[in-house]
Amino acid sequence: MDLIKKLFPLSFKAKDVLGLIIYIVIYLVIPSLFGILLGLLGGVPVIGWILGIIGSVIGIYCFIGIVLLILAFCKVIK
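Residues numbered from 1 in each chain as written. Predicted model: local features only at pLDDT ≥ 70, side-chain atom pairs only at ≥ 80, totals over all residues. Heavy atoms only, no water.

(A) Structural view of the overall build of the protein chain. Along the protein chain, the regular secondary structure elements total three helices and zero strands. Reading the secondary structure of the protein chain in the N-to-C direction produces α-α-α. Relative to the 2.2 N^0.38 estimate, which gives 12 Å for 78 residues, the radius of gyration of the protein chain is 15 Å and therefore markedly larger than a compact globule would have. Counting only C-alpha atoms, the protein chain reaches 45 × 25 × 15 Å along its principal axes. Every one of the 78 residues in the protein chain was classed for burial, and the buried ones make up 23%. Of all intrachain contacts in the protein chain linking residues separated by at least 6 positions in sequence, the fraction that spans at least 24 positions is 63%. Accessible area for the protein chain stands at about 5,400 Å²; split by element, carbon and sulfur atoms hold 79% of it. (Helix = DSSP H or I, 4+ residues; strand = E, 2+ residues; numbered from the N terminus. Rg over C-alpha atoms; globule rule 2.2 N^0.38 Å. Buried < 20%, exposed > 50% of the residue type's maximum accessible area, 1.4 Å probe, protein only. Contact = heavy atoms within 4.5 Å. Areas by Shrake-Rupley, 256 points an atom, 1.4 Å probe, with all protein chains shown as cover.)

(B) Molecular detail of a nonpolar patch on the surface. Residues Val17, Ile21, Val25, Val29, Leu33, Ile36, Leu37, Leu40, Leu41, Val44 and Ile47 make up a contiguous nonpolar surface patch of roughly 960 Å² in combined accessible area. The leading source of residues in the nonpolar patch is helix 2 (residues 17-41), at nine residues. Of note, Val44 is situated in the loop between helix 2 and helix 3 (45-73). (Patch = residues over 30% accessible without salt bridge, like charges linked within 9 Å, V, L, I, M, F, W, Y side chains within 5 Å. Salt bridge = Lys/Arg side-chain N within 4 Å of Asp/Glu carboxyl O.)

(C) Molecular detail of the environment of Ile66. Examined against the element boundaries, Ile66 turns out to sit in helix 3. The buried category is assigned to Ile66, whose relative accessible area is 16%. C-alpha separation for the pair Ile66 and Leu3, spaced 63 residues apart in sequence, amounts to 17 Å.

(D) Representation of helix 2. When the terminal C-alpha atoms of helix 2 are compared, their 37 Å separation across 25 residues agrees well with the 36 Å that a helix rising 1.5 Å per residue should span. If you check which residues of helix 2 are buried, you get Gly19, Leu20, Tyr23, Tyr27 and Phe34. Those residues of helix 2 that are buried are in contact with helix 3. (Expected span 1.5 Å × (residues − 1).)

(E) Representation of the side chain of Ser11 in the model. Here Ser11 shows up in the loop between helix 1 (2-7) and helix 2. Judged by relative accessible area, Ser11 falls into the buried class, the value being 1%. From its side chain, Ser11 meets the backbone oxygen of Gly65 in a polar contact 2.9 Å long. Ignoring sequence-local partners within four residues, the contact set of Ser11 consists of Tyr27, Gly65, Leu68, Leu69 and Ala72. (Polar contact = N/O pair within 3.5 Å; in protein donor to acceptor, adjacent residues only side chain to side chain.)

(F) Molecular detail of unusual backbone geometry. Located in the positive-phi region is Lys75, a residue other than glycine, with phi close to 65°. You can call Lys75 exposed: its relative accessible area is 63%.

So, in structure tokens, the structure goes:
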């Protein structure tokens, strides 16, 4: 569990509903901003391919972060 807390530090910080909403918004904004960057640089063959892979990893990371955030807020995991 310590490894998960180190990999997803924001997921275990929400103490109230406002904090939960703020951290969910943070987890939603990060892949959106990266998606804009990917859209701008996606036409370059090598850079677009690498950014596509990184974008997928960031999207999965943020999805897992949101799931962990909700589970930690509901006290399913500690």
